[in-house]
Amino acid sequence: DVIALRSVDLAVESGETVAVLGPSGAGKSTLLWLLAGLRRPSAGRIYLAGRDLTGLSNRELDQLRAGEIGVVLQNPARNLLPYLGVRDNVTFAQRATSWRGKAARRYADELLDAVGLDRVGSTRAGRLSGGEQQRLAVAVALANRPRVLLVDEPTSQLDHESSQRVIELLVRAAADYATAVIAVTHDERVSVALSRTVT
């Protein structure tokens, strides 16, 4: 057995932003997968708002991710439905929310505007560039106003301007919706903007 993480003790409050830094192979992405319930720990406990994720069934974890946890994986295409349009990807991610209709569409448009994709709303996600897919993945992860947002290298494929848009959106999600944001990153701008850094 390979022990990817040992003696990790991390508490993140609502509205708090955290950057996780470390060399390749240190277990940063593994930590995000565990927090998202995409992998189960061999020991220890993970709590979200008092609920022990380690005791939930796969179905319950799926429901939790749909409603309360936003996830952006390192390969952004894994977050998207390539056959759907850009706007449809965001609205599909809103299916677990209680709000529908104009309010949901308005928020989807706000997210697309924030990441600079408002003009390509009908373009299929599979036809976007890597950087555009990365920005769309962030918008999709925020579509349900999650309690927790987990992002893995959110700016790795972005130019300076696009990176700044994404960073501002992460900070705004924490401030406006009390979303706890945990980002694995090698980008110093992300770690500075998210202020609390864990190594």
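Residues numbered from 1 in each chain as written. Predicted model: local features only at pLDDT ≥ 70, side-chain atom pairs only at ≥ 80, totals over all residues. Heavy atoms only, no water.

### Looking at unusual backbone geometry
Within the chain, glutamate 153 stands out as a residue other than glycine whose phi angle is a positive 50°. Relative to the assigned elements, glutamate 153 resides in the loop between strand E5 (148-152) and helix H6 (160-177). Here glutamate 153 falls in the buried class, since its relative accessible area comes to 7%. Despite not being glycine, alanine 178 has its phi angle at roughly 55°, a positive value. By the element assignment, alanine 178 lies in the loop between H6 and strand E6 (180-184). (Helix = DSSP H or I, 4+ residues; strand = E, 2+ residues; numbered from the N terminus. Buried < 20%, exposed > 50% of the residue type's maximum accessible area, 1.4 Å probe, protein only.)

### Quick look at the packing of aromatic side chains
Think of a pair of aromatic rings as described by two things: how far the centres are apart, and how the planes are tilted against each other in angle. Within the structure shown, the criterion is met by one aromatic pair. Look at tyrosine 107 and tyrosine 177: their rings are 5.9 Å apart centre to centre, the planes differ by 80°, and that puts the pair in the edge-to-face class. Remark: tyrosine 177 occurs in helix H6 and tyrosine 107 occurs in helix H4 (residues 101-114); sequence separation between them is 70 residues. On the accessibility criterion, tyrosine 177 (33% relative accessible area) is partly exposed. Over the ring of tryptophan 33 we find arginine 39, and its NZ or CZ is 5.4 Å from the ring centre. The aromatic ring of tyrosine 107 is capped on one face by arginine 145, whose charged end is 4.2 Å from the ring centroid. (Phe/Tyr/Trp six-rings, centres within 6.5 Å; stacked < 30°, edge-to-face > 60°. Lys NZ or Arg CZ within 6 Å of the ring centre and 35° of its normal.)

### Focus: the environment of glutamine 134
Among the structural elements, glutamine 134 can be located in helix H5 (residues 130-141). Residue class for glutamine 134 comes out buried when judged on its relative accessible area of 2%. Residues glutamine 134 and alanine 77, 57 residues apart in the sequence, show an inter-C-alpha distance of 7.6 Å. Residue contacts for glutamine 134: discarding those within four places in its chain leaves Pro76, Glu153, Pro154, Thr155, Ser156, Gln157 and Leu158. (Contact = heavy atoms within 4.5 Å.)

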